[in-house]
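# Geometric and topological summary
In case you want the letters, here they are:
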Amino acid sequence: MQELLEVRVGDLAFEHLKERGVAPGDVRCMPAAAGGPKGLALLPLDRLLAREWLPQASGIELIGASIGAWRMAALAQSDPVGALDRLQHAYVREQNYRERPTPTQVADACRGLARAVLGESAEWRQDIALSVITARARGGLAGQRSKRAFGHAALANTLSRRRLAAHMERVVFHTGAPSRLPPAFDAFGLTEAPFTERNREDALLASGSIPLICDPVRDIAEAPAGEYWDGGLIDYHLLLPYDRYDGLVLYPHFVPHVTPGWLDKYVPWRTQARRHRWLANVILIAPSRVMLERLPNRKLPDRSDFYRYGADHARRIRDWERAIAECERFAEAAMRWLQAPDLALVQPL
């Protein structure tokens, strides 16, 4: 178990673990990061949590962006394992792109992923809150889809995240019990829109619509007019005010750190949020380097695999499914640790 996990916790979470361990009823929030195919590695743990923890976790809020939103939308359903199975099948087996697909072709494929998550007639747990994060274009980015426009946004982000907020705002589609996230906690704001039968598909698609690779989603029903993009642009690893939750935050993640926005990957001094006050009650569990060495190509599946494998879709599918199967070891180790936390494994978040 020890060699498969990285466990990072905030100061308050460590005190809680030391005094009484952790139980499903202690967890008030579960975030899920953007990250494309990397999120596939967490599906085995999602299934175990759906079977063993979520039935006992009434009142929890699930928050996600991009593939994280699709995972959380699956977990919020009455049949979460069925929804996760549909997501895995569609994500792995139905994204067989040409060598250079157009943004419209990618958008069509991603709409299929959103439909797979929702299934024929999704039924939702009434005692679970779901929040799907999107980024709505504004300012110089409104109505613009060019490399130049996004280059300006990236430059603004290099100067400060506050400047990036001139180009996009956070819109969160929500259903279930009221969210604990405040309406404005940073420059991006937080506009809440209902997550309903009329807009669920569009909201999930928008949350995973990567600029320049995928078309945006325009004028989503029951939300402010405009073009909507991947929620990870603003909230890549979901550095959110978790101090608003009166309990623990359980964060299954694919890396042992939190990077605020997708563009921050390219800003070295912002790639890892260290000892942020918002993370004090967070328990983050990620695969270790030893675990990653077991996977095909010795890494998590990622978006570069579409170029690595090219038209050899069968080989990509085989390796991604192998990676998911290997990550069942990580999932089982994570569940064992949650049932009997070993503080010797814990490092500060």
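The structure this text deals with has already been given above.
This section reports on the structure supplied with the text. As the structure is a computational prediction, the values presented were derived from the model and not from experiment.

### A word on the side chain of S207
- Topologically, S207 is positioned in helix α8 (residues 200-207).
- Apart from the residues within four sequence positions on either side, S207 is in contact with G64, A65, S66, A69, V132, I133, T134, W229, D230 and G231.

### Remarks on unusual backbone geometry
- Of note, the phi angle at L212 is positive, near 70°, even though the residue is not glycine.
- Note that L212 resides in the loop between α8 and β7 (217-218).
- The phi angle at R298 is positive, at roughly 60°, despite the residue not being glycine.
- Its place among the elements puts R298 in the loop between α9 (289-293) and α10 (305-309).
- Under the relative-accessibility criterion, R298 is labelled exposed at 52%.

### Some details on the side chain of Q77
- Within the secondary structure, Q77 is located in the loop between α3 (67-75) and α4 (80-93).
- Classification of Q77 as buried rests on a relative accessible area of 3%.
- There is a polar contact of 3.5 Å between the side chain of Q77 and the side chain of R86.
- With near-sequence residues (within four places) excluded, Q77 lies in contact with A83, R86, V117, L118, A122, E123, W124 and R125.

### Considering the environment of Q88
- Position of Q88 among the secondary structure elements: in helix α4.
- With a relative accessible area of 17%, Q88 lands in the buried category.
- The spacing of Q88 and R71 is 17 residues in sequence and 9.6 Å in space, taken between C-alpha atoms.
- Not counting chain neighbours up to four residues away, the residues in contact with Q88 comprise L43, R47, R93 and I324.

### Structural notes on the pattern of salt bridges
- Across all of its chains, the model carries 29 salt bridges by this definition.
- The partner of D246 in a salt bridge is R28, with the nearest N and O atoms 3.6 Å apart. Of this pair, D246 sits in the loop between β8 (227-230) and β9 (248-252) while R28 sits in strand β2 (residues 27-32), and the two are 218 residues apart along the sequence.
- The class of D246 is exposed, set by a relative accessible area of 57%.
- One salt bridge in this structure joins R318 and D319, with 3.1 Å as the shortest N-O distance.
- Taking relative accessible area as the criterion, D319 reaches 5% and is therefore assigned buried.
- Where salt bridges share partners, they join R111, R115, E201 and D202 into one cluster.

### Some thoughts on the packing of α3 against α8
- Taken N-terminus to C-terminus, the directions of α3 and α8 make an angle of 145°; their axes are 7 Å apart at the nearest point. In this structure, the crossing between α3 and α8 has a hand that is right-handed. On the side of α3, the interface is formed by A69, W70 and A73, while α8 contributes L204, L205 and S207.
- Of the residues assigned to the contact of α3 with α8, the class counts are 5 nonpolar, 1 polar and no charged.

### Comments concerning the packing of aromatic side chains
- Inspection of every chain in the model, using the stated rule, returns 10 aromatic pairs.
- A ring pair is formed by Y91 and W320, whose centres lie 6.2 Å apart and whose planes are at 35°; its orientation type is tilted. Placement of Y91 in helix α4 and of W320 in helix α11 (residues 313-339) is noted, with a sequence separation of 229 residues between them. For the pair shown, Y91 and W320 are each scored as buried.
- Taken together, the ring pairs connect W70, Y91, Y97, F306 and W320 into an aromatic cluster.

### Observations concerning helix α6 (residues 147-159)
- Its 13 residues give α6 an end-to-end C-alpha distance of 18 Å, which sits within 8% of 18 Å, the value for a rise of 1.5 Å per residue.
- Among the residues of α6, those classed as buried are A149, F150, A153, A156 and N157. The buried residues of α6 all sit within an arc of 110° when viewed along its axis, so they share a single face. Facing away from the buried side of α6, by more than 90 degrees, are the exposed residues K147, R148, L155 and L159.
- Contacts made by the buried residues of α6 are with α7 (161-164) and β8.

### Some thoughts on the state of the cysteines
- Evaluation of the coordinates by the stated rule reveals 0 disulfides.
- Lacking any disulfide linkage, C110 is separated from the closest cysteine sulfur, that of C214, by 4.7 Å.
- For C110, a relative accessible area of 6% translates into the label buried.

### Section: the nonpolar core
- The biggest cluster of nonpolar side chains holds 115 residues, and the ones touching the most others in it are F173, L204, I283 and W337.
- The element contributing the most residues to this core is α11, with 12 residues.
- Residues L141, A153, A165 and I234 belong to the second largest nonpolar core, which totals 14 residues.

What counts and how
Residues numbered from 1 in each chain as written. Predicted model: local features only at pLDDT ≥ 70, side-chain atom pairs only at ≥ 80, totals over all residues. Heavy atoms only, no water. Helix = DSSP H or I, 4+ residues; strand = E, 2+ residues; numbered from the N terminus. Contact = heavy atoms within 4.5 Å. Buried < 20%, exposed > 50% of the residue type's maximum accessible area, 1.4 Å probe, protein only. Polar contact = N/O pair within 3.5 Å; in protein donor to acceptor, adjacent residues only side chain to side chain. Salt bridge = Lys/Arg side-chain N within 4 Å of Asp/Glu carboxyl O. Axes fitted to C-alpha atoms, helices over the stretch in contact; angles between N-to-C directions. Left-handed = near helix turned anticlockwise from the far one by under 90°. Nonpolar A, V, L, I, M, F, W, Y, C, P; charged D, E, K, R; others polar. Phe/Tyr/Trp six-rings, centres within 6.5 Å; stacked < 30°, edge-to-face > 60°. Expected span 1.5 Å × (residues − 1). Arc of directions from axis to C-beta. Disulfide = S-S within 2.5 Å. Core = buried A, V, L, I, M, F, W, Y, C linked by side-chain atoms within 4.5 Å.

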